[in-house]
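Listed here are the chains, written in short residue letters.
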Amino acid sequence: MNYNITDNSKELFLAIFKLQQECPPIYKRTKGYGYNFADMNTIWEAIKPLMEKYGLGHIHRTVVREFESGDVANILETCIIHESGGVLDSTIILDSTTVQLKGQNAFQTMGSCLSYFKRYQLCLMLGILAEQDNDAAGKQISKESIGKRILGEKEMIEAEKLIKKNKSKFAL
């Protein structure tokens with residue numbers, strides 16, 4: 001990801017910092033592709049009032065860029081704009097050729113890539129996080145588990161294989 005920042009950045013970053021302090025939790029409530037995520041509507045509902053309050057706006061656009069090497073790439077540009085004239089923009093190459101989604105043609109896959117990167121690029125640039133919605137499930141997070149990651153089934157199997165393979169290196 002590449003970033004560009006204009007000279008009028010003081011007001012822009014101050015507004016982003018204020019937005020971060022007031023931004024409510026954005027929950028990952030949408031299910032798809034085997035995981036939960038915060039869709040663009042959910043993110044927009046959370047940030048729109050704060051964007052307006054602090055004089056911020058954003059735009060996304062796609063461009064096709066040809067590089068000196070002759071390679072051509074689809075690029076997603078995301079801009080955060082402040083009413084003072086400050087602009088923070090970021091670009092990322094959209095390479096949907098390396099992604100294959102079950103039951104989707106090339107155009108649908110590109111749409112999925114666009115949707116994904118628009119959400120994550122906007123959240124990244126604003127410094128806000130989307131988190132798992134544990135409220136409805138009644139899940140409690142213990143103090144002991146904070147900062148610890150729970151391995152999934154595949155990761156657990158791989159860890160067990162590594163332990164067995166390197167048993168002599170572990171003092172159990």
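Quantities reported herein were computed from a predicted structural model and do not represent experimental measurements.

**Q** What am I meant to see in the packing of aromatic side chains here?
**A** A complete count under the given rule lists three aromatic pairs for this structure. Taken together, the ring pairs in this structure connect Tyr116, Phe117 and Tyr120 into an aromatic cluster.

**Q** What am I meant to see in the environment of Thr91 here?
**A** Along the chain, Thr91 turns up in strand β7 (residues 87-94). Among the residues examined, Thr91 registers a relative accessible area of 12% and is labelled buried. The sequence separation of Thr91 and Arg61 amounts to 30 residues, and the corresponding C-alpha distance is 9.6 Å.

**Q** Looking at this structure, how should I read the side chain of His82?
**A** Tracing the sequence through the fold places His82 in strand β6 (residues 72-82). Separated by 3.2 Å, the side chain of His82 and the backbone oxygen of Tyr54 make a polar contact. A polar contact is formed between the side chain of His82 and the side chain of Ser84, at a distance of 2.9 Å. If we skip the residues at most four places from it in the chain, His82 touches Glu11, Leu12, Ala15, Tyr54, Gly55 and Leu56.

**Q** How do you make sense of the pairing of strand β5 (residues 56-66) when you look at a structure like this?
**A** Regular strands have side chains that alternate between both faces of the sheet. Of the pairings in the sheet, the one linking β5 to β6 comprises 11 bridges and is antiparallel in character. Looking at β6, one finds that Gly57 is bridged to Ile81. In this structure, the hairpin formed by β5 and β6 is closed by a connection of five residues, where Gly70 is found at a positive phi of approximately 95 degrees.

**Q** Help me understand the pattern of salt bridges in this model?
**A** Pairing between side chains of opposite charge can happen when the charged atoms of each approach one another. On inspection of all chains with the given rule, the structure shows four salt bridges. Close ionic contact of Arg61 with Glu77 constitutes a salt bridge, the shortest N to O distance being 2.5 Å. Note that Arg61 is positioned in strand β5 and Glu77 in strand β6, a separation of 16 residues in sequence. The shortest N-O distance in the salt bridge between Glu77 and Arg65 comes to 3.2 Å. Placement of Glu77 in strand β6 and of Arg65 in strand β5 is noted, with a sequence separation of 12 residues between them. Given the relative accessible area of 31%, Arg65 is considered partly exposed. Here the salt bridges share partners, and the residues they tie into one network are Arg61, Arg65 and Glu77.

Cut-offs and rules
Per chain, residues are indexed from 1 in the order of the written sequence. Selection of residues for local features in this predicted model requires a pLDDT of at least 70, selection of side-chain atom pairs for listing and counting requires 80 or more, and totals for whole chains, interfaces and linings are taken over all residues. In computing side-chain properties, one takes all heavy atoms of the structure into account and sets aside hydrogens as well as water. We call Phe, Tyr and Trp rings a pair once their centres come within 6.5 Å, taking the six-membered ring for Trp, and we label the pair stacked below 30 degrees between planes, edge-to-face above 60, and tilted otherwise. Only runs of H or I of at least four residues qualify as helices and only runs of E of at least two qualify as strands under DSSP, and these elements are numbered from the N terminus. Summary of the burial criterion: residues with accessible area below 20% of their type's maximum are buried, those above 50% are exposed, and those between are partly exposed, where the area comes from a 1.4 Å probe applied to protein chains only. N or O atoms within 3.5 Å of each other form a polar contact, as long as, within protein, one can give a hydrogen and the other can take it, and as long as residues adjacent in sequence are counted only when both atoms are side-chain atoms. Whether two residues are in contact is decided by their heavy atoms: any pair within 4.5 Å suffices. If DSSP finds at least two bridges between two strands, the strands pair. Each salt bridge in this description consists of a side-chain nitrogen of Lys or Arg and a carboxyl oxygen of Asp or Glu lying within 4 Å of one another.

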